[in-house]
Every structure is written in C-alpha cells, then in structure tokens.
Amino acid sequence: MIAGLHHVAIATRDLARLSRFYCEQFGLQVLYQGAWQTGNTGIDAMVGLPDSSADLVVLGAGAFRLEIFQYHTPAGRQPDADRPVCDSGITHLCMQVADINGEYARLTRAGMRFHCPPQPLAAGQRHRATYGRDPDGNVIELIEILTADHPFGAPVTA
C-alpha cells in the first residue's frame, strides 16, 4: 500500500546556497543534516553510483519534505540552468500559495527568475500559476487555487 509522497530530492553543486534559498524564500526548516563517505556499499547500491560520497540536508514544512544532496564523488555534471521542462525527468516542484501576486513579487525581488507573471489557467479561472527557477535552474511552480471545487485541492489562506 502506498501511503503518499514522502519527499522529493535534488542534487546540487552548492548545498549551502540551495538550502538557504529554500529556507529563506519558502520558509522550509532544516530537519536533518548528514553525510556519507566512500565505502558505504548499501548507499552505493541504492543510488547506483560506485564509491559515492555526499553531504545532504532534509528541509520541510508541514508534510512536505525536500532532500538536497551535494555529491563529492562521483562529481556530477554542470547543471543546465535553462533545462527545458519538456525533457524527460522531474519537470518541477509546485508550491501552493495563498497570494500568488504577492509571492511572485517577493520572489522576483529576491532574484528568482520566472518564465512569466502568474497566469490564469483552466476553464473558469479556477487557478493561477507560474514557473520560476531556483539558483540551480530547477523549476518551481507557484499555484494559487481559487475555487473550492478544484480537482487539485482547496484554496489556502495566509
């Protein structure tokens, strides 16, 4: 039985910078910090990387958990800060907000790059959304659900 989504994980080349971004801009809290060194055969088997080593942090807010890794070995490829969302793989994280215009303005002032201002989407103006990018180029969707009958869930209040 699957109980639900537990966490999403991101690899980065700068753990401190990306952790700070998600804590400062989205109010996530550090729940756990850890690391593993080369020679951990169990982790190597799970991640599919021989001789891996990494630092990690788990951030959270409510039931949401975000795990961020900085691998030391093997070295990862340079991220593409403009990777198209049509490429295979996880395309984005979505943060539900109560005031999308306010969050868009605040995050823009903080230096987050957005593809466009918030857009009304779906028939009947049931939600508004936009995509922006974290410092590594990972896409973050902001969504404000406007109606109680929305299939994605109910609106939230500040």
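Structure first, text after, so check above.
Anyway, here's the lowdown on the structure attached to this text. (Residues numbered from 1 in each chain as written. Predicted model: local features only at pLDDT ≥ 70, side-chain atom pairs only at ≥ 80, totals over all residues. Heavy atoms only, no water.)

## A look at the pairing of strand β5 (residues 93-96)
Right, on to step 1. In β5, alternate side chains face the same way, and those of Leu93 and Met95 are buried while those of Cys94 and Gln96 on the opposite face are not.
Right, on to step 2. Two strands pair when backbone bridges link them, and β5 and strand β9 (residues 139-145) are joined in this way by four bridges, in the parallel orientation. Within the sheet, the bridge partner assigned to Cys94 lies in β9 and is Glu141. (Buried < 20%, exposed > 50% of the residue type's maximum accessible area, 1.4 Å probe, protein only. Helix = DSSP H or I, 4+ residues; strand = E, 2+ residues; numbered from the N terminus. Pairing = 2+ DSSP bridges.)

## Concerning the side chain of Asp134
Right, on to step 1. Looking at where Asp134 falls in the secondary structure, it is placed in the loop between β8 (127-133) and β9.
Right, on to step 2. Despite its burial, Asp134 pairs with no opposite charge, the nearest such side chain being Arg17 at 6.6 Å.
Right, on to step 3. Side-chain polar atoms of Asp134 contact the side chain of Tyr22, separated by 2.7 Å.
Right, on to step 4. Those residues in contact with Asp134 that sit more than four places away from it in its chain are Ile10, Leu18, Phe21, Tyr22 and Ile140. (Lys, Arg positive; Asp, Glu negative; His and termini not counted. Salt bridge = Lys/Arg side-chain N within 4 Å of Asp/Glu carboxyl O. Polar contact = N/O pair within 3.5 Å; in protein donor to acceptor, adjacent residues only side chain to side chain. Contact = heavy atoms within 4.5 Å.)

## Some words on the nonpolar core
Right, on to step 1. Core analysis: the biggest nonpolar cluster contains 21 residues, and Tyr22, Phe26, Leu66, Ile68, Met112, Ile140 and Leu142 have the highest contact counts within it.
Right, on to step 2. Of all the elements in the fold, those that place two or more residues in this core are β1 (8-11), α1 (15-26), β3 (53-61), β4 (64-73), β5, α3 (100-109) and β9.
Right, on to step 3. Element by element, the count of residues in this core is highest for α1, at five residues.
Right, on to step 4. Once residues lying within four places of it in the same chain are set aside, the contact partners of Ile140 are Phe21, Tyr22, Phe26, Leu93, Met95, Met112, Thr130, Tyr131, Gly132 and Asp134.
Right, on to step 5. In this structure, Trp36, Ala54, Leu56 and Val58 belong to the second largest nonpolar core, which totals five residues. (Core = buried A, V, L, I, M, F, W, Y, C linked by side-chain atoms within 4.5 Å.)

## Some remarks on the pattern of salt bridges
In a structure, side chains of opposite charge can pair up when their charged atoms sit close to one another.
Right, on to step 1. Tallying each qualifying case throughout the model produces four salt bridges.
Right, on to step 2. One salt bridge connects Asp14 with Arg17, and the closest N-O pair in it is separated by 3.9 Å.
Right, on to step 3. Accessibility expressed as a relative area gives 27% for Arg17, which makes it partly exposed.
Right, on to step 4. Residues Arg17 and Asp136 are paired through a salt bridge, measuring 2.1 Å at the closest nitrogen-oxygen approach. Pair noted here: Arg17 is in helix α1 and Asp136 is in the loop between β8 and β9, with a separation of 119 residues, a long-range link.
Right, on to step 5. One network of salt bridges, in which partners are shared, links Asp14, Arg17 and Asp136.

## Examining the sheet that holds β3
Right, on to step 1. As summarised here, the arrangement of the four strands in space is β1-β4-β3-β2, forming an open sheet in which the pairing is mixed. Only two strands of the sheet have a single partner each, and these edge strands are β1 and β2 (29-36). Across the sheet, the mean angle separating the axes of adjacent strands is 20° when strand polarity is ignored. (Axes fitted to C-alpha atoms, helices over the stretch in contact; angles between N-to-C directions.)

## Topic: the packing of aromatic side chains
Right, on to step 1. Under the defined criterion, the tally for this structure stands at seven aromatic pairs.
Right, on to step 2. With a centroid separation of 5.7 Å and an interplanar angle of 85°, the aromatic rings of Trp36 and Tyr71 are classed as edge-to-face. Of this pair, Trp36 sits in strand β2 while Tyr71 sits in strand β4; the two residues are 35 residues apart in sequence, bridging distant segments of the chain.
Right, on to step 3. Of the residues examined, Trp36 reaches a relative accessible area of 8% and is grouped as buried.
Right, on to step 4. Ring geometry for Phe69 versus Tyr71: centroids 5.8 Å apart, planes at 35°, classification tilted.
Right, on to step 5. Through successive ring pairs, a cluster of aromatic residues spans Phe21, Tyr22 and Phe26. (Phe/Tyr/Trp six-rings, centres within 6.5 Å; stacked < 30°, edge-to-face > 60°.)

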